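Per-entry structural report
In case you want the letters, here they are:
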Amino acid sequence: MIRHLVFWTLKPEEKDRVNEIAADLRHKFQALLGTVDGLEAIELGQNYNGGDFDLVLNCTFSTEEAERAYQTHPAHLAIKSVVHTLVCARASADYEI
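A brief structural summary. (Residues numbered from 1 in each chain as written. Predicted model: local features only at pLDDT ≥ 70, side-chain atom pairs only at ≥ 80, totals over all residues. Heavy atoms only, no water.)

1. Some points on the pattern of salt bridges
The final tally for this structure, using the stated rule, is 6 salt bridges. Between Lys-15 and Asp-54 there is a salt bridge whose closest N-O contact spans 2.8 Å. Remark: Asp-54 occurs in the loop between strand 2 (39-46) and strand 3 (55-61) and Lys-15 occurs in the loop between strand 1 (2-10) and helix 1 (18-30); sequence separation between them is 39 residues. Judged by its relative accessible area of 35%, Lys-15 falls in the partly exposed class. Accessibility expressed as a relative area gives 15% for Asp-54, which makes it buried. Salt-bridge contacts for Arg-68 lead to Glu-65; the nearest nitrogen and oxygen are separated by 3.5 Å. Note that Arg-68 and Glu-65 are positioned in helix 2 (residues 64-72) at a spacing of 3 residues, about one turn of the helix. A relative accessible area of 48% places Arg-68 in the partly exposed class. (Salt bridge = Lys/Arg side-chain N within 4 Å of Asp/Glu carboxyl O. Helix = DSSP H or I, 4+ residues; strand = E, 2+ residues; numbered from the N terminus. Buried < 20%, exposed > 50% of the residue type's maximum accessible area, 1.4 Å probe, protein only.)

On their own, these measurements won't tell you what the molecule is for.
Now the structure itself:
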């Protein structure tokens, strides 16, 4: 199993909409379950504890190959294009669980 974590910082002009943005992205990412082969679980949350990042995405994949295929899956790329309009920073990590 593979864990894929992504952390995003919203653009300053988007920070007032963090609740709306999080709800919309949560819905979009949840729709990938059953669409992306090997995606076992996915959740998006808001960081309520301060720090550099506003949102975090936590995904679980069955294999490294499934995680790599997710990166180029059209449904994921559609969400990614939306995210790019909203964020100014990103960090990620992938590890075996």
